[in-house]
Amino acid sequence: MNTLLEVRSGPAYYACKANVLENLEVKLSKGNIRKVLIIHGRKSWEVTEPFFPSLENIETIFFTYGGECSDPEIERVKKAALEHGADALIGIGGGKLLDLTKSAGNSLQKEIILIPTLASTCAAWTPLSVIYDDNGSYVRYDIHEKSTWMLLIEPGILLNSPINYLRAGIGDTLAKWYEGNALAEKLATKSVCIELAHLAARQCQEVLLTYGEEALADLEKGRWTDALQRVIETNIITSGLVGGFGGQYLRVAGAHSIHNGMTSITQAHHLLHGEKVAYGILVQLVLEGKFSEIKQLLPIYQVLKLPMTLLDIGLTVEHKAELQQIAAHSVKEGEDIHLLFPDINKEKVAAAMENLEILTNHSSPSMD
């Protein structure tokens, strides 16, 4: 391990319980917060408003975000926070909105409070923001110096979240094991923190493969159950602990690079972040030659309705130009796939995607 491992464990305060927001004003007042900028999407505010308390002695300014966590949008939030003299930023929404809030808050050195409306990523836990351009194409990720002050999960809000976002969260969080373990296997020794991250990655896989189907069914029925809470907290917390304790040694590898490549084609824009990552897991496993693991995952992908074929991502084998484009973008300089495969190139990635197509059609002897 040549590079410094910087450990960030997560928010200073976390709570998940019914009516958790009732104590928000008390917490803000104790933190000497007098004025807050509330960043939200239109839909996220609709589902949160019934649970959001009236902050009697704290001035609130509402800011509707534009849909992307991009550099121009970060600047827009910062400008609003400075104009109104906000002491803290409250982010209410999905992963991109929470990342936006973290970026603006860290840049301004203001306290950050996050209220997730989706359980699709570990964005609520990690001091990291994924930056896109205004068209939704991946640009980079930034690691922040400071963690979030408060993370508050209201079950009633998440019970109103679309099921496909929880499904995407399962896909994204499964990658914590398949990417993290592949990177960990390359380490000659592991520090205590990396061991913890590796254990958390394994926990992600075990919980999701055990409870994923049940949790999706419970959410569809609008029931807050043990299975649903386990999966939600795994997507947000356990997932966040992998990168928080493992840093660059366990954070991302092949699957996320394939995701980044997929953001460059319009045909895949209908897929959520975690759905693209889920497809990326399978491509990475082909590149690793881990066919038994693919065989284990394919029936689970079918049950969970995660993408596993080119058709699922909006392509066919005839889309040679798009396959080449995904492959080329996924192996750009600086992409984390190089951590796993130092000699990777676009031809190998394109071939892996074509080979996966054969495997998913159950016509390869490697799968028997």
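Basis of the calculations
Residues numbered from 1 in each chain as written. Predicted model: local features only at pLDDT ≥ 70, side-chain atom pairs only at ≥ 80, totals over all residues. Heavy atoms only, no water. Core = buried A, V, L, I, M, F, W, Y, C linked by side-chain atoms within 4.5 Å. Buried < 20%, exposed > 50% of the residue type's maximum accessible area, 1.4 Å probe, protein only. Contact = heavy atoms within 4.5 Å. Helix = DSSP H or I, 4+ residues; strand = E, 2+ residues; numbered from the N terminus. Arc of directions from axis to C-beta. Lys, Arg positive; Asp, Glu negative; His and termini not counted. Salt bridge = Lys/Arg side-chain N within 4 Å of Asp/Glu carboxyl O. pLDDT = per-residue confidence, 0-100. Pairing = 2+ DSSP bridges. Axes fitted to C-alpha atoms, helices over the stretch in contact; angles between N-to-C directions. Parallel < 35°, antiparallel > 145°, perpendicular 65-115°, else oblique. Phe/Tyr/Trp six-rings, centres within 6.5 Å; stacked < 30°, edge-to-face > 60°. Lys NZ or Arg CZ within 6 Å of the ring centre and 35° of its normal.

**Observations regarding the nonpolar core**
Reasoning step 1: Formed by 95 residues in total, the largest nonpolar core has its most connected members in Leu37, Ile39, Leu166, Ile236, Tyr279, Ile281 and Met353.
Reasoning step 2: Look past the residues within four positions of Tyr279 in its chain and what remains in contact with it is Ile258, Met262, Pro307, Met308, Thr309, Leu310, Ile313, Met353 and Leu356.

**Considerations on the environment of Tyr178**
Reasoning step 1: Position of Tyr178 relative to the elements: it lies in helix α6 (residues 163-184).
Reasoning step 2: Tyr178 gets classed as buried once you look at its relative accessible area, which sits at 3%.
Reasoning step 3: For the pair Tyr178 and Ile281, spaced 103 residues apart in sequence, the C-alpha to C-alpha distance is 6.8 Å.

**Thoughts on helix α12 (residues 320-330)**
Reasoning step 1: Here α12 has its buried residues at Glu322, Leu323, Ile326, Ala327 and Ser330. Buried positions in α12, seen along its axis, are confined to an arc of 135 degrees and lie on one side of it.
Reasoning step 2: Residues of α12 that are buried in the fold lie against α9 (254-262), α13 (337-340) and α14 (346-360).

**With respect to the side chain of Asp172**
Reasoning step 1: With respect to the helices, strands and loops of the structure, Asp172 is situated in helix α6.
Reasoning step 2: For the buried Asp172, which has no salt bridge, the nearest side chain bearing the opposite charge is Lys176, at an N-O separation of 5.9 Å.
Reasoning step 3: In this view, Asp172 contacts Ser120, Thr121, His256, His273, Gly274 and Val277; residues no more than four positions away in its chain are not counted.

**Some points on the confidence of the model for the protein chain**
Reasoning step 1: With 98% of its residues at a pLDDT of at least 70, the protein chain reaches an overall mean of 94.
Reasoning step 2: Low pLDDT, under 50, characterises residues 363-368; the predicted model gives this stretch 10 contacts beyond four residues in sequence or across chains.

**Some details on the sheet that holds strand β8 (residues 150-153)**
Reasoning step 1: The strand order across the open sheet formed by six strands is β1-β8-β5-β4-β2-β3, and the pairing between neighbours is parallel. Two strands in the sheet have a free side with no partner beyond their single neighbour: β1 (13-16) and β3 (59-64). Across this sheet, the average inter-strand angle for adjacent strands is 15 degrees, counted without regard to direction.
Reasoning step 2: Pairing between strand β4 (residues 88-93) and strand β5 (residues 111-116): six bridges, direction parallel. Bridge assignment links Ile90 to a residue of β5, and that residue is Ile113.
Reasoning step 3: Its contacts with the sheet put helix α3 (residues 71-84) on β2 (35-40), β3 and β4, and the angle it makes with β3 is roughly 160 degrees.

**Looking at the packing of α6 against α9**
Packed helices, taken two at a time, are described by the angle their axes make and the gap between the axes.
Reasoning step 1: Packing of α6 against α9 brings their axes to within 8 Å, and their N-to-C directions diverge by 130 degrees. Taken together, α6 and α9 sit at an angle that is classed as oblique. Contact residues: α6 offers Asp172, Ala175 and Glu179, while α9 offers Gly254, Ala255 and His256.

**What about the packing of aromatic side chains?**
Reasoning step 1: One pass over the structure, following the stated rule, counts four aromatic pairs.
Reasoning step 2: Ring geometry for Trp45 versus Phe52: centroids 5.4 Å apart, planes at 65 degrees, classification edge-to-face.
Reasoning step 3: Of the residues examined, Trp45 reaches a relative accessible area of 16% and is grouped as buried.
Reasoning step 4: Looking at Phe52, the relative accessible area reads 12%, which means it is buried.
Reasoning step 5: On the numbers, 5.1 Å between centres and 65 degrees between planes, the contact of Trp45 with Phe62 is edge-to-face. On the criterion of sequence distance, the pair formed by Trp45 in helix α2 (residues 42-48) and Phe62 in strand β3 is long-range, its members being 17 residues apart.
Reasoning step 6: Connected via pairs of aromatic rings, a cluster forms that spans Trp45, Phe52 and Phe62.
Reasoning step 7: Lying across the ring of Tyr132, Lys96 places its NZ or CZ 4.3 Å from the centre.
Reasoning step 8: The residue whose ring lies beneath Arg202 is Trp177, and the NZ or CZ to ring-centre distance is 4.1 Å.

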